[in-house]
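Chains, contacts and geometry: an overview
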Amino acid sequence: MNTHHGDDTSHHLAWAEHAIDALDAGDEANRSLGEALDTTGDLRAENAQRRADAVRAAAMGLPPTGCALAAGISERMLAVWQGADPHFNAAMATAQALAHAHGLTGSAAPTSPFALRLLLRAVRSGAGILAAAEQLGIPRHRLRKLRERPQVAALVLAAQSIGRKPTPRRSKPYAYRLVRTSRPQSPNSGG
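All values reported here derive from a predicted model rather than from experimental measurement. (Residues numbered from 1 in each chain as written. Predicted model: local features only at pLDDT ≥ 70, side-chain atom pairs only at ≥ 80, totals over all residues. Heavy atoms only, no water.)

A complete count under the given rule lists one aromatic pair for this structure. Arranged with centres 6.2 Å apart and planes meeting at 80°, the rings of Trp81 and Phe88 form a pair that is edge-to-face. Stacked on the ring of Trp81, the Lys or Arg Arg51 has its end atom at 5.8 Å from the ring centre. (Phe/Tyr/Trp six-rings, centres within 6.5 Å; stacked < 30°, edge-to-face > 60°. Lys NZ or Arg CZ within 6 Å of the ring centre and 35° of its normal.)

Structure follows, in structure tokens:
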């Protein structure tokens, strides 16, 4: 009978490793689609996507730290954007009100798959589980309950093990220098 439990554990771990590997699939697809549309490197388009990610996080009931994490920016930058853009600020306030109206805020609110994904990405990137949960507004008692679930425990373990793996050393980045390839013509050169 104990063998069956071991099989369940190994099954959960294999499943969790695959799930953690798949976390970046959406980001990779967005990069590919950006290349197809020739918007890669377009700061305006990138910031629009980041603002949309922050609004989505607010609509899911995440606090400002979680919204910033979802957008891939600092909480300070999120505050700057809200202060500088009244439309974005209004969208964030509306999203927060929506989350509140639907019971997605507060310590009794359920943890969404969206929040779990952000938690796992943060842990995979090397953040401590408690610090990541705090950023997302997940209270410790809820985190403890989540981790009691075998699949969630396996996901956290897989994210932590990936986060601990040493990153491959990259060769030195190329250094570029602007050089003039032709001499400017002087006004007296007749050219």
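The next subject is the pattern of salt bridges. If you walk through the whole model with that rule in mind, you get one salt bridge. A salt bridge links Glu46 to Arg50; its shortest N-O distance comes to 2.9 Å. One end of the pair, Glu46, and the other, Arg50, are both in helix α3 (residues 43–59), four residues apart, so they sit about a helical turn from each other. The exposure class assigned to Glu46 is partly exposed, which follows from its relative accessible area of 35%. (Salt bridge = Lys/Arg side-chain N within 4 Å of Asp/Glu carboxyl O. Helix = DSSP H or I, 4+ residues; strand = E, 2+ residues; numbered from the N terminus. Buried < 20%, exposed > 50% of the residue type's maximum accessible area, 1.4 Å probe, protein only.)

Attention now goes to helix α7 (residues 113–124). For α7, spanning 12 residues, the distance from its first C-alpha to its last is 16 Å, which sits close to the expected 16 Å at 1.5 Å a residue. Counting buried positions along α7 yields nine of 12 residues, so the element is predominantly enclosed. Among the residues making up α7, those that are buried are Phe114, Ala115, Leu116, Leu118, Leu119, Leu120, Ala122, Val123 and Arg124. Just beyond α7, the residue with positive phi is Gly126, at close to 110°. (Expected span 1.5 Å × (residues − 1).)

With respect to the helices, strands and loops of the structure, Leu104 is situated in the loop between α6 (86–101) and α7. Taking the C-alpha atoms as reference points, Leu104 and Ala59, 45 residues apart in sequence, are found 8.3 Å from one another. Contact partners of Leu104, with chain neighbours within four places excluded, come to Ala59, Met60, Gly61, Ala99, Ala109 and Pro110. (Contact = heavy atoms within 4.5 Å.)

Time to look at the packing of helix α5 (residues 75–84) against α6. Direction vectors running N to C along α5 and α6 enclose 115°, while the axes themselves pass 5 Å from each other. Classified by the angle between their axes, α5 and α6 sit roughly perpendicular to one another. Seen from α5, the contacting residues are Leu78, Trp81, Gln82 and Ala84; seen from α6, they are Pro86, Phe88, Asn89 and Met92. A breakdown of the residues in the contact of α5 with α6 according to their chemical character gives six nonpolar, two polar and no charged. (Axes fitted to C-alpha atoms, helices over the stretch in contact; angles between N-to-C directions. Parallel < 35°, antiparallel > 145°, perpendicular 65-115°, else oblique. Nonpolar A, V, L, I, M, F, W, Y, C, P; charged D, E, K, R; others polar.)

Keep in mind these values describe shape, not function.
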